[in-house]
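# An overview of the molecular structure
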Amino acid sequence: MNLSLSDLAPPLRWTSPGQIAPIVEEPQLPEAWWQAIPLDRACAIVGTQTVAGHLADLAVACWGHLMLGDILPLLRFSDPAEAERSPETLGKDVVQKLFTGVFDRLLEPVPEAVPAPSRPDKPLPDLIDELFGGLDDRQRAIARDRLYATRRATLDELAQRFSVTRERIRQIERDLREHVDAWLAKPETAALAAHVVWLRGRLGSAVPADDLQAAVPWHGAELRSLGIPAWRFIRTLLTGYEQSDGWLVAGGADDLREKTRQLFADGPRPLPEAIAMVAQLGVREDVAERWILAVPQLRVLGRHVVPWPRSINEKAEAVLAVAGTPLTPEEIQERIGEDYSLVGIRNQLTADDRFRRVDRNKYGLTRWGGDEYLGIREMIAREIERAGGEASVSTIVANLTSRYDVSESSVRAYSGGPGFERTQRGWIRVAGTAPGGESEPYQPRKDVSETRRSFRSRDGRWWHRVDINAEHLRGSGSPLPTGFAAYLGMAPGGQLTASAPSGDVVISWHNQPTMGSIRNVLAEYKASEGDHVFLTVSDGGELLTRYLPAAPPGMPPVNRALYLLGYTAPVSSELEGLRLIGARIGLSDMASREEVLARLRERGDRDILGFLGA
């Protein structure tokens, strides 16, 4: 015998030697003995049980998810039932016993009086044709159209074709399978058995299905007896493989996909490292990248393999983790490459604590650390606070322009505007404070919960509804309620600049709070008169918006009322609708109908009251 252990056990050929050696090292055998010397020599030195024990140790430690027949294909011929089980279910002792039995039979001397027939010159397709050559036309048709077809004919179709019962077809099919199994057990098919063993090693634990046809030239040759390509017959000999989404997978496709996903649960890995990791699962390195791409919730991004779940937040996190540097929302949208709106991506970047705005139009991961970009006015106040209550305008300009994409003229303009006051030549402090002191927050006459057209979302953030009219579309500014402006942290004489992809929106408070033009925001949505836009400003100074077209006709009154709050899902009853309305105007879930209606009247939400019949 001139076969090594790795010739008989395919996983040894695709598992890293560094993983194998610590488990199977044997002082009496040479280095990498499992591929360096023939099996019979290794068994003669240390004993068959020892060799089988080493292979069993490897099976339990490294290939527990595979079927035994994939680890030692010869077991499929000697013990087909046990070959379908895994090392995890049987345990090391049983596996060692099974492997020992295979090696004992393999190394048993063949009596000279009964030499095994040898047909070294017969092509394997001709050998297979001999199997089916003696069958009648009906048997060959059932073999061709049912046993070895890519689209199997049904029992009823074949029964109708041959004018027999479907049970008769089933019996012929069963006889054919037994005929093939008996033929495969004959000594003259040893070359074919060796080919299947070699093929399992070549295929590994997962391979594109068309690789089977291309494995050797004769796989594409036609079997004259059946009129089908030889690979379709060979495919049935690869027991333990299932075909799934264009792949042949050993041991269960779903199981291997999950094991592959788990490799990257801790985050992105460079592609070469990822390929080596996947190869540890038995996937050949030359197809490992294709396998990764075929596994749901994984993606190759920037030469890294990243977890790719359904959430836009987690996709954005993966994009930033691979980039290793802050990106603009536009860059994140481009790298995600899916149908996500830019407005939606900005809203998620702003709302999710995993992300931090680090420049006027750039976001990074919070775990990277660093100062958050807050908007020019807020960052001037932060510089003053860090300086102890007042600071030099020149120092503020130098600090902010060196760190962020802001101009000197903008910083100086904000420094001289509402919210700051001069203390000495070239120095400023926050208006209404003494050096090192703080001002009292402005208290509006009405809290935001008592403010018309202001509504609270489930995350606790308050939004203001703007009912779009011709003036908004022309670019005119519009008043904001004082309660909502105070919620945004404003006070009389103050100014707030909210950034948006289409340009900054300025909210100022002189005689009353006023919001500048939102025409560009509305243009992005292609909004019309009668539509609604809900808006708020994030802690980072970013304008967040949500657009709702005018309500469709025929909407039930309760749903119409909820629509004006930004709630679009259907409700089963008025009671449920009133509970939702109460929660969105600052009441508890237990508020009565009368309490909800009373709050709406206090706020002045007459349009909502009208749909509630009040």
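Up top is the structure.
Residues numbered from 1 in each chain as written. Predicted model: local features only at pLDDT ≥ 70, side-chain atom pairs only at ≥ 80, totals over all residues. Heavy atoms only, no water.

## Remarks on the packing of aromatic side chains
What describes a pair of aromatic rings is the distance from one ring centre to the other and the angle between the planes of the rings. Tallying each qualifying case throughout the model produces 9 aromatic pairs. Summarising the aromatic geometry, the rings of W247 and W291 are spaced 5.1 Å apart at their centres and angled 70° between planes, so their arrangement reads as edge-to-face. Here W247, found in strand β5 (residues 247–250), pairs with W291, found in helix α21 (residues 285–294); they are 44 residues apart in sequence, far enough to count as distant. When sorted by exposure, W247 lands in the same class as W291, which is buried. With a centroid separation of 5.4 Å and 75° between ring planes, the pair formed by Y373 and Y404 is classed as edge-to-face. A residue pair is termed long-range when its members are at least 10 positions apart, and Y373 in the loop between β10 (362–365) and α25 (376–386) and Y404 in the loop between α26 (393–403) and α27 (408–415) qualify at 31 residues. (Phe/Tyr/Trp six-rings, centres within 6.5 Å; stacked < 30°, edge-to-face > 60°. Helix = DSSP H or I, 4+ residues; strand = E, 2+ residues; numbered from the N terminus. Buried < 20%, exposed > 50% of the residue type's maximum accessible area, 1.4 Å probe, protein only.)

## Section: the sheet that holds strand β18 (residues 505–509)
With antiparallel pairing, the 4 strands of this open sheet are ordered in space as β16-β19-β18-β17. For this open sheet the edge positions go to β16 (478–479) and β17 (495–498), each flanked by a neighbour on one side alone. Bridge analysis of β17 against β18 gives 4 bridges, and the strand direction is antiparallel. Bridge pairing links L496 to I507 in β18. (Pairing = 2+ DSSP bridges.)

## Digging into helix α19 (residues 253–263)
Residues A253, L256, R257 and T260 constitute the buried set of α19. The buried residues of α19 all sit within an arc of 100° when viewed along its axis, so they share a single face. For α19, the exposed residues set more than 90 degrees away from the buried face come down to D254 and Q262. Considering only its buried residues, α19 is in contact with β1 (206–208), β4 (241–244), β5, α20 (271–279), α21 and β7 (298–301). (Arc of directions from axis to C-beta. Contact = heavy atoms within 4.5 Å.)

## Examining the side chain of H219
Mapped onto the secondary structure, H219 falls in the loop between α17 (210–214) and β2 (222–223). Here the side chain of H219 touches L212 through a polar contact of 2.6 Å, landing on its backbone oxygen. When sequence neighbours within four positions are dropped, the list of residues in contact with H219 reads H195, L199, L212, Q213, P229, A230, W231 and I234. (Polar contact = N/O pair within 3.5 Å; in protein donor to acceptor, adjacent residues only side chain to side chain.)

## A few points about the side chain of R235
Tracing the backbone through its elements, the reader meets R235 in helix α18 (residues 230–237). Buried and without a salt bridge, R235 has E242 as its closest oppositely charged side chain, separated by 8.3 Å. A distance of 3.1 Å separates a polar atom in the side chain of R235 from the backbone oxygen of Y241. The residues contacting R235, other than those within four sequence positions of it, are L212, Y241, E242, Q243 and L248. (Lys, Arg positive; Asp, Glu negative; His and termini not counted. Salt bridge = Lys/Arg side-chain N within 4 Å of Asp/Glu carboxyl O.)

## Quick word on the nonpolar core
Grouped together as the largest cluster of nonpolar side chains are 42 residues, with contacts concentrated most on I128, F132, Y148, W183, L192, F233 and I234. Among the secondary structure elements, those contributing two or more residues to this core are α12 (124–133), α13 (137–147), α14 (155–162), α15 (166–184), α16 (190–203), α18 and β5. Among the elements that line this core, the one with the most residues is α15, at 6 residues. Beyond its immediate sequence surroundings of up to four residues, F233 is in contact with I128, L131, F132, Y148, V180, W183, L192 and L223. Counting residues in hydrophobic clusters, the runner-up holds 35 residues, among them V24, V46, W63 and L72. (Core = buried A, V, L, I, M, F, W, Y, C linked by side-chain atoms within 4.5 Å.)

## Focus: unusual backbone geometry
Despite not being glycine, A32 shows a phi value in the positive range, around 55°. Within the secondary structure, A32 sits in the loop between α3 (17–24) and α4 (33–36). Positioned with a positive phi, Q297 is a non-glycine residue whose angle comes to about 70°. With respect to the element layout, Q297 can be found in the loop between α21 and β7. Judged by its relative accessible area of 34%, Q297 falls in the partly exposed class.

## Considerations on the sheet that holds β1
Spatial ordering of the open sheet is given by β1-β5-β4, a layout of 3 strands whose pairing is antiparallel. Because the sheet does not close on itself, it has two edges, and the strands there are β1 and β4. If you compare each strand with its neighbour and ignore which way they point, the axes differ by 25° on average. The pairing of β4 with β5 spans 4 bridges and is antiparallel. In the sheet register, Q243 faces β5, and the bridge partner there is L248. Where α21 meets the sheet, its contacts fall on β1 and β5, and the angle it forms with β5 comes to roughly 95°. (Axes fitted to C-alpha atoms, helices over the stretch in contact; angles between N-to-C directions.)

## Here we look at the pattern of salt bridges
Counting across every chain of the model gives 43 salt bridges. Its salt-bridge partner being D211, residue R202 comes within 3.5 Å of it at the nearest N-O pair. R603 serves as the salt-bridge partner of D605, at 2.6 Å between the closest nitrogen and oxygen. Each member of the pair D605 and R603 is classed as buried. When salt bridges with common partners are traced through the structure, they connect D70, R76, E84 and R200 into a single cluster.

## A short note on the pairing of strand β15 (residues 462–467)
Where burial is concerned, most of β15 is hidden: 5 out of the 6 residues are buried. With 3 bridges joining them, strand β14 (residues 454–456) and β15 adopt antiparallel strand pairing. Within β15, the position partnered with R456 by the bridge is W462. Counted along the chain from β14 to the antiparallel partner β15, the turn is 5 residues long, and its residue G460 has a positive phi close to 90°. Of the pairings in the sheet, the one linking β15 to strand β20 (residues 532–537) comprises 4 bridges and is antiparallel in character.

## Considering the packing of α3 against helix α6 (residues 48–62)
α6 packs onto α3 with a crossing angle of 130° between their chain directions and a minimal axis gap of 9 Å. Considered as vectors, α3 and α6 are oriented oblique to each other. Crossing of α3 against α6: the hand is right-handed. The residues of α6 that touch α3, namely those facing Q19, I20, I23 and V24, are H54, D57, L58, A61 and C62. Of the residues assigned to the contact of α3 with α6, the class counts are 6 nonpolar, 2 polar and 1 charged. (Parallel < 35°, antiparallel > 145°, perpendicular 65-115°, else oblique. Left-handed = near helix turned anticlockwise from the far one by under 90°. Nonpolar A, V, L, I, M, F, W, Y, C, P; charged D, E, K, R; others polar.)

## Re α13
Taken residue by residue, α13 has R140, A141, I142, A143, D145, R146 and L147 as its buried positions. Looking at the buried residues of α13, the elements they touch are α12, α14, α15 and α18. Capping the start of α13 is the job of one residue whose side-chain oxygen sits 3.1 Å from the backbone nitrogen of R138: D136.

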